Amino acid sequence: MAYRTQPKTTNKTIIFPYKPQPRQKLFHYTTTDPKYWADEVLYGGAAGGGKSAAIVGDAFKNACKYPGINILILRRTLPELEGSILLRMLEWYPRDVCKYKEQKKVWEFINGSRIWLGYCEQENDVYRYQGKEFEIIYMDEATHFSYSQFKYLKSRNRTSNQKVLQMGLRPQMKLTTNPGGVGHVWVKKRFIDIGPWEQVHTVQETNDDDEPIFKDGQPVTTQRIFIPAKLSDNQYIDADYEAKLLTMDEKLRRQLLDGDWDALEGQFFSDFSRSIHVIEPFDIPHDWKRFRAMDEGYNDPFVCLWIAMDREGNAYVYREFVKSQLLSHEQAQKVNELTGNERIDYSVGDTSFWNKGKADGKAPYEVFLEYGIPMIQATKERVNGWKRIREWLHVFDDTDPVTGETFKNSRLKIFNTCRNLIEALPAMIFDETYPEDIEEHPLDHTPDALRYWAMSRPAPTKPLPKRTPNRDEMAWRQLEILDKRAKQRRKGSVFVG
């Protein structure tokens, strides 16, 4: 059974060799059905769910239905694009409706519509689309793109074509992907975690500081939907493919076979667990040692982490500040404002704080010193630094001294208000060429700051085993308290044990 479409400039019915399956149909409905329409659509999850076919079919349908529109289809690299999307287009697209221009990498339709094929291998490749407008942008394997690339491409998702607006077409970003990759965290946060799947959610947009955005006093919102697709949804895939996926290691198998978004292949800090490492904030006792760790930046964000240590040597990241486009004196002012009257034992800073400025010859650390913030230079050994963080994150079995119950614990805890660090740590993945290091990542600035602090301290000590005192020890403790109280009464003061 073929998929039929009717181009607007001809009375001829075109036989298109694509029969959408139920989840693919839902992906198509998100452009035409008000019940499922969304500004941003994510389709996929597991491997073999028919993602590329859905894009090729959806783009053809929309190019035929809406005359004169511009569609952009992206992969991270050109070879990936040519090996998947373009091959299928060359096989399926009828030449009496559209022609492919190899040099421009564009399909030109007889009704004036165009489907452009592009890629963004380098971070700045997005600027090749500067000044362009596309009614629909498809991002195939969206987790291969960074969040900054997605945000810039979204600014190209617009239209000035009044005819297609009158026909009911509204600009859309339509993404497909599997879990994993450099963009795993932002895709999961933007689509997977917002609510029940296969439902349209109205989500308020936030700025780079995760603060809600308003326009004329009204919240700026986006409608988003996630459509999951598993291998079992694709009846055309070869029968042996599932068996191949079953032979892969657990995390990769969970990603590709099950579409599991909580499994991240190549995760560098594999011990990190929100249930263990992330805690509710509490008032830090005044006698605990406190430190600050800072990563210098302007276009890249400036980062400051506040870390406290208790009497047993456990560490708590209790505050963070992450913001771009701040001058050195603005960074220092903000650090002082957030620190308040706290006594800081020392601050450790990225070595780039000592780089002299070209304009005034002054280094950022000198500016901080003028604001009463002296700092020591960080030890920037990456491999040893990441190893040190792993030691702090290491999960061990602990025992509750009162109940005797065992539980999982670690020497480092993070307040749940430190959202940037919590988002970044599980997103770090191994560098394929040097597995002892972390692959460059847009979110690596807060882990860098944590690394500077970790390298400024001794390695965490092994926790001492805890035991419940026996009845005789408890009795002696009570006698000691009573004896101290009696002595205090004789001196005219009160002791509280």
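Please refer to the structure placed before this passage.
Residues numbered from 1 in each chain as written. Predicted model: local features only at pLDDT ≥ 70, side-chain atom pairs only at ≥ 80, totals over all residues. Heavy atoms only, no water.

1. Observations concerning empty space enclosed by the protein
Here is step 1 of the chain: Within this structure, the stated rule accounts for one cavity of 30 Å³ or more.
Here is step 2 of the chain: By volume, the largest cavity is sized at about 30 Å³.
Here is step 3 of the chain: Around the largest cavity sit L78, L81, E82, L86, Y100, K105 and L117, which together line it.
Here is step 4 of the chain: Here the lining of the largest cavity is composed, by residue class, of five nonpolar, no polar and two charged. (1 Å grid on protein atoms, 1.4 Å probe; cavity = no way out; pocket = protein on both sides within 12 Å on 5 of 7 lines; lining within 4 Å. Points joined across faces, edges and corners; volume = space filled by probe spheres on them. Nonpolar A, V, L, I, M, F, W, Y, C, P; charged D, E, K, R; others polar.)

2. Observations concerning the packing of aromatic side chains
Here is step 1 of the chain: Summed over the entire model, instances satisfying the criterion amount to 33 aromatic pairs.
Here is step 2 of the chain: Ring geometry for Y147 versus F150: centroids 6.2 Å apart, planes at 20 degrees, classification stacked. On the criterion of helical spacing, the pair formed by Y147 and F150 is a turn pair, its members being three residues apart in helix α4 (residues 147–154).
Here is step 3 of the chain: Classification of Y147 by relative accessible area gives partly exposed; the value is 30%.
Here is step 4 of the chain: The buried category is assigned to F150, whose relative accessible area is 1%.
Here is step 5 of the chain: Feature note: the residues F16, Y18, F60, W92, Y93, Y100, W107 and F109 constitute an aromatic cluster, connected by ring pairs.
Here is step 6 of the chain: Across from the ring centre of F268, 4.0 Å away, lies the NZ or CZ of R390, which sits over that ring.
Here is step 7 of the chain: In this arrangement the basic side chain of R451 is found over the ring face of W386, its NZ or CZ atom lying 4.5 Å from the centre. (Phe/Tyr/Trp six-rings, centres within 6.5 Å; stacked < 30°, edge-to-face > 60°. Helix = DSSP H or I, 4+ residues; strand = E, 2+ residues; numbered from the N terminus. Buried < 20%, exposed > 50% of the residue type's maximum accessible area, 1.4 Å probe, protein only. Lys NZ or Arg CZ within 6 Å of the ring centre and 35° of its normal.)

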